[in-house]
Amino acid sequence: MSKLRAAVRFRCATHPEFTSQVELAEHLGISESQMSRVLQNRRRRLSGVQQQRLADFLEMPIAQ
């Protein structure tokens, strides 16, 4: 399992608002399938805004 996927699963389990990958995808403005591809490292990219929202959700800085 990728580190990103593990981090998303952990945060979904502990986050008060977003409890599933589906809800997180909706928050990011992407489809469930695109979220799945991002987490599987299938070279799907997120926009800058989507990256920032994901980083905020994970409580992590964006790597430069």
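Below you will find a few notes about this structure.

Each value, and the rule that gives it
- Residues numbered from 1 in each chain as written.
- Predicted model: local features only at pLDDT ≥ 70, side-chain atom pairs only at ≥ 80, totals over all residues.
- Heavy atoms only, no water.
- Helix = DSSP H or I, 4+ residues; strand = E, 2+ residues; numbered from the N terminus.
- Rg over C-alpha atoms; globule rule 2.2 N^0.38 Å.
- Buried < 20%, exposed > 50% of the residue type's maximum accessible area, 1.4 Å probe, protein only.
- Contact = heavy atoms within 4.5 Å.
- Lys, Arg positive; Asp, Glu negative; His and termini not counted.
- Charge placed at Lys NZ, Arg CZ, Asp CG, Glu CD.
- Salt bridge = Lys/Arg side-chain N within 4 Å of Asp/Glu carboxyl O.
- Core = buried A, V, L, I, M, F, W, Y, C linked by side-chain atoms within 4.5 Å.
- Polar contact = N/O pair within 3.5 Å; in protein donor to acceptor, adjacent residues only side chain to side chain.

Scanning the chain from N- to C-terminus turns up four helices and zero strands. Helices and strands in the chain line up, N terminus first, as α-α-α-α. Here the C-alpha atoms of the chain give a radius of gyration of 11 Å, agreeing with the 11 Å that 2.2 N^0.38 yields for 64 residues. Taken along its principal axes, the extent of the C-alpha atoms in the chain is 30 × 25 × 25 Å. Counting every position in the chain, which comprises 64 residues, the buried fraction comes to 33%. Of the contacts made within the chain by residues no fewer than 6 positions apart, 42% connect residues no fewer than 24 positions apart. Each charge class in the chain can be summarised by its mean position, and for the 10 positive and 6 negative side chains these summaries are 15 Å apart.

Before going further, it helps to spend a moment on the pattern of salt bridges. In a structure, side chains of opposite charge can pair up when their charged atoms sit close to one another. Inspection of every chain in the model, using the stated rule, returns one salt bridge. One salt bridge connects Glu 59 with Arg 11, and the closest N-O pair in it is separated by 3.7 Å. With Glu 59 in the segment after helix 4 (48–58) and Arg 11 in helix 1 (residues 3–14), this residue pair connects regions lying 48 residues apart in the sequence. What makes Arg 11 buried here is its relative accessible area of 14%.

A few words on the nonpolar core. Counting residues in each nonpolar core, the largest one holds 14 residues, and the members touching the most others are Val 8, Leu 24, Leu 28, Ile 30, Met 35, Leu 54 and Phe 57. Of all the elements in the fold, those that place two or more residues in this core are helix 1, helix 2 (21–28), helix 3 (32–39) and helix 4. Apart from the residues within four sequence positions on either side, Val 8 is in contact with Leu 24, Leu 39, Leu 54, Phe 57 and Leu 58.

A word on the side chain of Ser 2. Tracing the sequence through the fold places Ser 2 in the segment before helix 1. Exposure remark for Ser 2: the relative accessible area of 19% places this residue in the buried category. Polar contacts involving the side chain of Ser 2 include one to the main-chain amide nitrogen of Arg 5, which spans 3.0 Å.

Read these as layout, nothing more, since geometry by itself doesn't imply function.
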